[in-house]
Amino acid sequence: MILARTVAEVRERVAGARGEGKVVGLVPTMGFLHEGHLSLVDVARQGGADFIVVSIFVNPKQFGPSEDFGRYPRDEAGDRKQLEAREVDVLFLPDASAIYPAGFSTSVHVGGVTARLEGQRRQGHFDGVATVVLKLFDIVQPDLALFGRKDAQQCAVIERMVRDLDIPVRLIFAETVREGDGLALSSRNSYLSAEERALAPALHRGLKAGENAIVHGVDDVGEIERLMQRIMSETARVEIDYVEVIDPQTFDRPEDFHRDLMVAGAVKLGRTRLIDNIRITRDRIPHAKIAPR
Ligand code: PAF
């Protein structure tokens, strides 16, 4: 695995691979890698990439002033070892000045899909994500780029940006990787104390109850949300930020139950904020099955 720290280095490596006719896959990450990230490398290969670039950059622009930028977990040596083992071709590990040189004053704003949920609670977060992801796309110019579905709203933002700006990249969104008890893998799980870790699956349990209600024909959004809240609240110390039934295209309330739906939630456990979601495809929703497309 080649370690590239500058834009010029990574571009040179990618140009070499392209010269050999390789298909370039990009996996953008903020490091402290877990199996969820590593599965993106595998999915990139399955998607046809035979030259994989993983970037690790803890992007300051996507953290609010009261968020965890300073304490975000970092483990460069451990990450390098795991990527070597997965036979990644290039690790792009820029420092902040390589991504945001002095005087940097551009920001990408994606409207619409950012209006609610994470976008509403984390002001400026998705501008930071869109800005860095567009920059990474410009640096690497990948054929495919991989993101995890745990950050479903982030996937929707990037998809919108790619469409709106005609960015020539194929996006692949990979399934969330979970622990045996349902907790979605996340670098932030490392903040949880042992006690909090034991309580954390409450988020997924609540969402599963919502999914179950939908696939069994419940079509009252309020009823489903109350059910999910009740399940999550059964676990002490879980503070619900939001738990909603949404349209995964718009991240707004669904107009009806004749299309794909999503249940999405965010909770706090102590100082740790966890998010998760489950997508429910139209073919599993009783009302959608009988409704015209
Ligand atoms: O999902 C993440 O880890 C980050 O938001 C991303 C896409 C790498 C941008 O910084």
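Scroll up a little and you will see the structure.
Engineer: Sorry if this is basic, but what is going on with the overall build of the chain here?
Structural biologist: Each helix and strand counted, the chain has 11 helices and nine strands in total. In summary, the chain has a C-alpha radius of gyration of 20 Å against a globular reference of 19 Å for 293 residues, a match within 12%. Overall, the chain is about 55 × 45 × 40 Å in size when its C-alpha atoms are taken along their principal axes. Contacts spanning at least 24 positions in sequence make up 72% of the contacts within the chain whose residues lie at least 6 apart. Surface accessibility of the chain: about 13600 Å² in total, with carbon and sulfur atoms responsible for 48%. Positive and negative charge centroids in the chain, built from 39 and 44 side chains respectively, lie 1 Å apart.

Engineer: Whenever I open this one, the site of the ligand confuses me. Can you help?
Structural biologist: Around the ligand sit Pro 28, Thr 29, Met 30, Asn 59, Gln 62, Val 132, Phe 147, Asp 151 and Gln 154, and those are all the residues in its vicinity. Contact between the ligand and Gln 62: an oxygen atom at 2.6 Å from a side-chain N or O atom of the residue. Here Gln 154 contributes a side-chain N or O atom positioned 2.7 Å from an oxygen atom of the ligand. Taking 290 Å² as the accessible area of the ligand by itself, protein coverage stands at 89%. Class assignment of the residues belonging to the shell around the ligand gives a composition of four nonpolar, four polar and one charged.

Engineer: When you look at the pairing of strand 5 (residues 144-148) in this model, what are you seeing that I'm missing?
Structural biologist: On a regular strand, each side chain points to the face opposite its neighbour's, so the side chains alternate between the two faces of the sheet. Here strand 5 lies mainly inside the structure; four of its five residues are buried. Note that strand 2 (residues 24-29) and strand 5 share two bridges and pair parallel. Counterpart to Leu 26 in the pairing with strand 5 is Ala 145. Once you follow strand 5 into helix 7 (residues 152-164) and on to strand 6 (residues 170-174), the crossover reads as right-handed.

Engineer: How should I be thinking about the pairing of strand 8 (residues 261-269) in this particular structure?
Structural biologist: For strand 8, the tally of buried residues reaches eight of nine residues, placing the bulk of the element in the interior. Bridge analysis of strand 7 (residues 238-246) against strand 8 gives eight bridges, and the strand direction is antiparallel. From the neighbouring strand, Val 245 faces strand 8, where its bridge partner is Val 263. As paired strands, strand 8 and strand 9 (residues 272-280) are joined by nine bridges and run antiparallel to one another. Residue pairing in the sheet places Lys 268 in a bridge with Arg 273 of strand 9. A loop of two residues connects strand 8 with strand 9, the two strands running antiparallel in sequence, and Gly 270 in this loop sits at a positive phi of about 60°.

Engineer: Quick question: what am I supposed to make of the sheet that holds strand 4 (residues 90-92) here?
Structural biologist: The strands that make up a sheet are held in pairs by hydrogen bonds between backbone atoms, and each pair lies either parallel or antiparallel. Spatial ordering of the open sheet is given by 1-4-3-2-5-6, a layout of six strands whose pairing is parallel. The open sheet has two edge strands with one neighbour each: strand 1 (2-4) and strand 6. For this sheet, the mean angle separating the axes of adjacent strands, direction not counted, is 25°. Packing against the sheet, helix 1 (residues 7-19) makes contact with strand 1, strand 2, strand 3 (51-56) and strand 4, and its axis sits at approximately 165° to strand 3. Lying on the sheet, helix 2 (residues 35-46) is in contact with strand 2, strand 3, strand 5 and strand 6; it crosses strand 5 at an angle near 145°.

Engineer: I'm lost on the layout of surface pockets in this one. Help?
Structural biologist: Taking a probe equal in size to a water molecule and rolling it over the atoms shows the remaining empty space. Estimated volume of the second largest pocket: approximately 340 Å³. What lines the second largest pocket is a set of 18 residues, and nearest its centre among them are Cys 155, Ala 156, Glu 159, Pro 248 and Gln 249. Put simply, the parts of the chain that give the lining of the second largest pocket at least two residues each are helix 7 and strand 9. When residues in the lining of the second largest pocket are grouped by element, the largest group, six residues, is from helix 7.

Engineer: It is not clear to me how the nonpolar core should be interpreted in this structure. Could you clarify?
Structural biologist: Nonpolar side chains in soluble globular proteins tend to be buried together. Counting 48 residues, the largest nonpolar core has Val 53, Phe 92, Phe 137, Phe 147, Met 161 and Leu 171 as its most contacted members. If one sorts the elements of this core by residue count, helix 6 (residues 125-140) sits on top with 10 residues. Excluding anything up to four places from it in sequence, Leu 171 contacts Phe 137, Ala 145, Phe 147, Ile 158, Glu 159 and Val 162. With 26 residues, the next largest nonpolar core counts Leu 183, Ala 202, Val 221 and Val 238 among its residues.

Conventions used here
- Residues numbered from 1 in each chain as written.
- Predicted model: local features only at pLDDT ≥ 70, side-chain atom pairs only at ≥ 80, totals over all residues.
- Heavy atoms only, no water.
- Helix = DSSP H or I, 4+ residues; strand = E, 2+ residues; numbered from the N terminus.
- Rg over C-alpha atoms; globule rule 2.2 N^0.38 Å.
- Contact = heavy atoms within 4.5 Å.
- Areas by Shrake-Rupley, 256 points an atom, 1.4 Å probe, with all protein chains shown as cover.
- Lys, Arg positive; Asp, Glu negative; His and termini not counted.
- Charge placed at Lys NZ, Arg CZ, Asp CG, Glu CD.
- Near = heavy atom within 4 Å.
- Polar contact = N/O pair within 3.5 Å; in protein donor to acceptor, adjacent residues only side chain to side chain.
- Nonpolar A, V, L, I, M, F, W, Y, C, P; charged D, E, K, R; others polar.
- Buried < 20%, exposed > 50% of the residue type's maximum accessible area, 1.4 Å probe, protein only.
- Pairing = 2+ DSSP bridges.
- Right-handed = clockwise from strand over helix to strand, strands pointing away.
- Axes fitted to C-alpha atoms, helices over the stretch in contact; angles between N-to-C directions.
- 1 Å grid on protein atoms, 1.4 Å probe; cavity = no way out; pocket = protein on both sides within 12 Å on 5 of 7 lines; lining within 4 Å.
- Points joined across faces, edges and corners; volume = space filled by probe spheres on them.
- Core = buried A, V, L, I, M, F, W, Y, C linked by side-chain atoms within 4.5 Å.

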